[in-house]
Amino acid sequence: MENLLGRVKNIILSPRSEWQTIKMEQATVKDIVFSYIAPLAAIPVVASVIGMGLVGLSFMGSTMRYPFSYLIPWSILNYVLSIVGVLVSGAVINTLAETFESRKDSIQALKVAAYSFTPAWIASILNAVPVLGPLALLASLYGIYLLYLGLRPLMETPENKAVGYTVASIITIIIVVIVVNVIVSAISSLFFLPRGFMMPMPE
């Protein structure tokens, strides 16, 4: 846990030097997933369950709370697919490498993806209070800067290619995130949302 918290602190507060440290670390996909991605990817899921199931969503003067019979399977599916989404993002970054005159390396690409998601995961704790959700989205934009900084040392990206590589990677990652959210929402609504459940209307 201490190593995890130290990595989170360093990648957010001193990313340039931390990316250099990350570059030199020997790691496997399993190491990155279980020591970093899996613990942090749980934050948005747990926060969202609290926000949607306990705090509730305000709508036209009323408060809507999702039933836990929906939220539990939703959270499991969301959690698993969010981890898969990071793995796919890493694969995309690696696939794009040669296009931007960078070195292909699947592990280093996964590192770039995983550690760039850090601000989004940490800020998502605000989802526990749904009205603060938009602030979490704004904070997560810092991840774009982290990705930009990480591409150059880890993927050995030329300076004049870093911006283009970052933009291409971010666009693809956004698409991956949207697809994951659509799949989770569709499956959860179809199979787990109680029949007749609907957003309450104001009295």
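Residues numbered from 1 in each chain as written. Predicted model: local features only at pLDDT ≥ 70, side-chain atom pairs only at ≥ 80, totals over all residues. Heavy atoms only, no water.

### Observations regarding the side chain of threonine 166
Along the polypeptide, threonine 166 turns up in helix α9 (residues 159-191). Each residue touching threonine 166, except ones within four places of it in the same chain, is listed here: Ile144, Leu147, Tyr148 and Leu151. (Helix = DSSP H or I, 4+ residues; strand = E, 2+ residues; numbered from the N terminus. Contact = heavy atoms within 4.5 Å.)

### Quick look at the environment of leucine 126
Within the secondary structure layout, leucine 126 lies in the loop between α6 (118-123) and α7 (133-140). Along the backbone, leucine 126 and serine 48 are 78 residues apart, and their C-alpha atoms lie at a distance of 8.6 Å. Non-local contacts of leucine 126, meaning those with residues more than four positions away in its chain, are made with Leu132, Gly133, Leu135 and Ala136.

### Here's the deal with the packing of aromatic side chains
If you walk through the whole model with that rule in mind, you get seven aromatic pairs. Residues tyrosine 66 and tyrosine 70 carry aromatic rings whose centres are separated by 5.2 Å and whose planes lie at 25° to one another, so their mutual orientation is stacked. Taken together, the ring pairs connect Trp19, Tyr36, Tyr115, Phe117 and Trp121 into an aromatic cluster. Here the guanidinium or amino end of arginine 7 rests over the ring plane of tyrosine 115, the centre of that ring lying 5.2 Å away. (Phe/Tyr/Trp six-rings, centres within 6.5 Å; stacked < 30°, edge-to-face > 60°. Lys NZ or Arg CZ within 6 Å of the ring centre and 35° of its normal.)

### Details of a nonpolar patch on the surface
Taken together, the side chains of Val46, Ile50, Leu54, Val55, Phe68, Ile72, Ile76, Val80, Val84 and Val88 define a hydrophobic patch exposed on the protein surface, amounting to about 810 Å² of accessible area. Among the secondary structure elements, those contributing two or more residues to the nonpolar patch are α3 (29-55) and α4 (68-96). Here the nonpolar patch gets six residues from one element, more than from any other, and that element is α4. Residue position: valine 88 is located in helix α4. (Patch = residues over 30% accessible without salt bridge, like charges linked within 9 Å, V, L, I, M, F, W, Y side chains within 5 Å. Areas by Shrake-Rupley, 256 points an atom, 1.4 Å probe, with all protein chains shown as cover. Salt bridge = Lys/Arg side-chain N within 4 Å of Asp/Glu carboxyl O.)

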